[in-house]
Amino acid sequence: MGETLNSFSLLVGLVASRRQVARTLFVCSVGLAFGSFASGAQTAELADREGFGLFQQHCSRCHGVDGRGGEGPTLAKPRLARAQTDEELAMVIARGIPDGGMPRNSHLSEEDTDAIVSFVRSLTQVEEEPLTGDPARGAEVYLDNSCDACHIVDGVGIQVGPELSEVGLKRSAAHLRESLLDPNASVPTGYEFLRARTSDGTSVEGLLVNEDTFAIQLRDASGRVHSYEKAELEGLQRRRGRSIMRPYRGRLSGQELDDLVAYLATRRGGDQQP
Ligand code: HEC
Ligand code: HEC
């Protein structure tokens, strides 16, 4: 984590300083060519450059340096489900998507928000990452591997992990692939994995459901909830950064993985493709 943060701030630093130079050069050349009269198109281009730097600062951590997605979805597509107009986009930036894992940006000025909006809109020319797998075959892989023992899609399954009915709107294909190969790499908030050991020597591993000063509840991989008084526990181990979902690296063939990613990437709620 420390390492990621470091290289991230380094990247932001680099981008910020390159942006400064690029901007100075750009403003100079516009100034030379047109005096102080910049046309609408040039103003838009300035805003894009401004927006690029702001995007790196506030958004790239989740949406990728080029906006093609990471922990967050790709923004490089012609139509954004939750931000169809520029006003909606500005609203999403300001308010975030609290239950979807996107933070608010209420501190951004209107100018900065506009610059980011204009930068995000300029990404629509970028092509969406192609999906090589077959979603219909992916649906079979999903069932064959009992993913529904821990996930709900369109009302079917058991909710141990996050619901996946709209996961294609929320995550990039690259992130979905990573979640399958190495679930420990990025455990979303709200899925704390614990091991409880009782005084009679049994131990239970599961996700935290509820906790207060005296009691704790865990949900194990089969969906069963265990309640304990803390006083009766011999030990309680918090397994930070560990997932209850076992890695599928080596358990799925390359083709199965491609198909499964295609299936997940097309889970888009009402916007569903086959
Ligand atoms: C901490 C990670 C994170 C940061 C930082 C972040 N986002 Fe997001 N963003 C997400 C996630 C996750 C979603 C999907 C949420 C959902 O759909 O439930 C999302 C969704 C969106 C959407 C909706 C996409 C669609 O297809 O409708 C837009 C637009 C967006 N983000 C823009 C931005 C912009 C612009 C910034 C920077 C100002 C930003 N985000 C910063 C995580 C982040
Ligand atoms: C034992 C329960 C369990 C099983 C089985 C399981 N998962 Fe998960 N999954 C989880 C949990 C819990 C999370 C939440 C984060 C974490 O702990 O990694 C998760 C996270 C995910 C994510 C990331 C979601 C996000 O929003 O980032 C995806 C995608 C996913 N699982 C797909 C699958 C698929 C596909 C299968 C079957 C091949 C599967 N899971 C099997 C429990 C499970």
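Keep in mind that what you see is a predicted model, and the values were worked out from it rather than measured.

Student: Run through unusual backbone geometry, naming residues and quoting values.
Tutor: The phi torsion at Ser146 lies on the positive side, around 55°, for a residue other than glycine. By secondary structure assignment, the location of Ser146 is in the loop between α6 (135–144) and β1 (152–153). In this structure, Asp154 is a non-glycine residue whose phi angle is positive, near 45°. Looking at where Asp154 falls in the secondary structure, it is placed in the loop between β1 and β2 (156–157). The exposure class assigned to Asp154 is exposed, which follows from the 12 C-beta atoms found within 10 Å.

Student: Give a detailed account of the sheet that holds strand β3 (residues 193–198), specifying residues and quantitative values.
Tutor: Ordered by their spatial adjacency, five strands build an open sheet running β6-β5-β4-β3-β7, and the pairing between neighbours is antiparallel. What marks the edges here is a single partner per strand, and that holds for β6 (225–229) and β7 (233–238). Across the sheet, the mean angle from the axis of one strand to that of its neighbour is 40°, orientation sign disregarded.

Student: Which residues make up the site of ligand 2, and what values go with them?
Tutor: Among the 27 residues in the neighbourhood of ligand 2, the closest are listed as Cys147, Cys150, Gly161, Ser243 and Met245. Of all the secondary structure elements, the ones that give two or more residues to the shell around ligand 2 are α7 (167–170), α8 (173–181) and α9 (254–265). Sorting elements by how many residues they give to the shell around ligand 2 places α8 first, with three residues. Classifying every residue of the shell around ligand 2 by side-chain character gives 20 nonpolar, five polar and two charged.

Student: Kindly report on the environment of Thr202, identifying the contributing residues and their values.
Tutor: Along the polypeptide, Thr202 turns up in the loop between β3 and β4 (203–211). With 32 residues separating them along the chain, Thr202 and Glu234 place their C-alpha atoms 9.7 Å apart.

Student: Go over the packing of α8 against α9 with me, naming the residues and quoting the values.
Tutor: Where α8 contacts α9, the two axes come as close as 9 Å, and the packing angle between them is 125°. Here α9 runs oblique to α8, going by the angle between their axes. In terms of crossing hand, the pair formed by α8 and α9 is right-handed. Residues Ala173, Leu176, Arg177 and Leu180 of α8 form the contact with α9, whose participating residues are Leu257, Leu260, Val261, Leu264 and Ala265.

Student: Describe the pairing of β7, with residues and values.
Tutor: For β7, the tally of buried residues reaches only zero of six residues, placing the bulk of the element at the surface. The pairing of β3 with β7 spans five bridges and is classified as antiparallel. Bridging across to β7, Leu194 finds its partner in Arg238.

Student: Describe the environment of Arg246, naming the residues involved and giving the relevant values.
Tutor: For Arg246, the location among the structural elements is in the loop between β7 and α9. As a C-alpha pair, Arg246 and Asn184 span 62 residues in sequence and 8.6 Å in three-dimensional space.

Calculation notes
Residues numbered from 1 in each chain as written. Chains lettered and ligands numbered in written order. Predicted model: local features only at pLDDT ≥ 70, side-chain atom pairs only at ≥ 80, totals over all residues. Helix = DSSP H or I, 4+ residues; strand = E, 2+ residues; numbered from the N terminus. Buried ≥ 20, exposed ≤ 12 C-beta atoms within 10 Å, placed from the backbone. Pairing = 2+ DSSP bridges. Axes fitted to C-alpha atoms, helices over the stretch in contact; angles between N-to-C directions. Near = placed C-beta within 6 Å. Nonpolar A, V, L, I, M, F, W, Y, C, P; charged D, E, K, R; others polar. Parallel < 35°, antiparallel > 145°, perpendicular 65-115°, else oblique. Left-handed = near helix turned anticlockwise from the far one by under 90°. Contact = placed C-beta atoms within 7 Å.

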